[in-house]
Amino acid sequence: MNGREWLPEHQATLEANPRLPAWRIAKLTGHSVFTIQERRRAAGTTPTPNRTHWSRRDWLLADASGLDFQT
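Report follows, based on the coordinates. Residue positions are given per chain, counting from 1 as you read along its sequence in written order. Residues qualify for local features only when their pLDDT is at least 70, as the model is predicted, and side-chain atom pairs are given and counted only at 80 or more; totals for whole chains, interfaces and linings, by contrast, use all residues. Side-chain metrics rest on all non-hydrogen atoms present in the structure, leaving aside hydrogens and water.

The way it works is that DSSP assigns letters per residue, a run of H or I at least four long becomes a helix, a run of E at least two long becomes a strand, and they are numbered from the N terminus. Across its full length, the protein chain holds four helices and zero strands. Each helix and strand of the protein chain, placed in order from N terminus to C terminus, yields the pattern α-α-α-α. By the burial criterion, 18% of the 71 residues in the protein chain qualify as buried. Contacts in the protein chain between residues at least 24 apart in sequence constitute 33% of all its contacts with a sequence separation of at least 6. Per element, the accessible surface of the protein chain, about 5,800 Å² overall, is 54% carbon and sulfur. Throughout, exposure labels follow a simple rule: accessible area from a 1.4 Å probe, protein chains only, divided by the maximum for the residue type, with under 20% read as buried, over 50% as exposed, and the rest as partly exposed. Whether two residues touch is decided by their heavy atoms; if any such pair falls within 4.5 Å, the residues are in contact. Where accessible areas are quoted, they stem from the Shrake-Rupley method and a 1.4 Å probe; at the residue level, only the protein chains shown are allowed to cover.

Working definition of a nonpolar core: buried Ala, Val, Leu, Ile, Met, Phe, Trp, Tyr and Cys residues. They are joined through side-chain atoms within 4.5 Å. In this structure, Trp-6, Leu-14, Ala-22, Ile-25, Ala-26 and Ile-36 together form the largest nonpolar core, which totals six residues. Sorting elements by how many residues they give to this core places helix 2 (residues 22-29) first, with three residues. Once you skip the residues sitting within four places of it in the chain, Ile-36 turns out to touch Trp-6, Leu-14, Ala-22, Ile-25, Ala-26, Thr-29 and His-31.

Planes of paired rings set the category: under 30 degrees apart is stacked, over 60 is edge-to-face and the rest tilted, where pairs are Phe, Tyr or Trp rings (Trp by its six-membered ring) whose centres lie within 6.5 Å. The tally for this structure, following the rule as stated, stands at one aromatic pair. When the centroid spacing of 4.6 Å and the interplanar angle of 45° are considered together, the rings of Trp-54 and Trp-59 count as tilted. Take Trp-54: its relative accessible area is 37%, and that puts it in the partly exposed class. Residue Trp-59 is classed as partly exposed on the basis of its relative accessible area of 43%.

It is worth spelling out the packing of helix 2 against helix 3 (residues 33-43) at this point. Close contact between helix 2 and helix 3 brings their axes to 8 Å; oriented N to C, the two are set at 110°. It follows from the interaxial angle that helix 2 and helix 3 lie roughly perpendicular. Of the two possible hands of crossing, helix 2 and helix 3 adopt the one that is right-handed. Side by side, helix 2 and helix 3 meet where Ala-22, Trp-23, Ile-25, Ala-26 and Thr-29 of the first sit next to Val-33, Ile-36, Gln-37 and Arg-40 of the second. Classifying every residue of the contact of helix 2 with helix 3 gives six nonpolar, two polar and one charged. An axis is simply a line fitted to the C-alpha atoms; with a helix, the fit covers only the stretch in contact. Between two such axes, the angle follows the N-to-C directions and lies from 0 to 180 degrees. Each angle gets one of four labels, with under 35 degrees taken as roughly parallel, over 145 as roughly antiparallel, 65 to 115 as roughly perpendicular, and the rest as oblique. Crossing handedness: left-handed means the near helix sits turned counterclockwise from the far one by under a right angle, and right-handed means the same turn made clockwise. Amino acids are sorted into nonpolar (Ala, Val, Leu, Ile, Met, Phe, Trp, Tyr, Cys and Pro), charged (Asp, Glu, Lys and Arg) and polar (every other residue, Gly among them).

In C-alpha cells form, the structure reads like this:
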C-alpha cells in the first residue's frame, strides 16, 4: 500500500465524526481527501455529508443568478 499507513486512531476519528467534512478529517489524519472518501464508502457511509440547509450566501447567489431553484 502506498502512502501513509491507516492507523486505528484514524479509523476512530473517522467513525467519531460522521458529519465532519472529508477535508477536515484529512487535515487531522494526514491522509488525502480521496482516501477519506474511499474509507467512508468502504464503511458504508456517504463519502461526504449531505447538506441539510442553504446558507445565506447560497440564497443570495441563487437570487443573483436569476435562476429559479425552487421548482
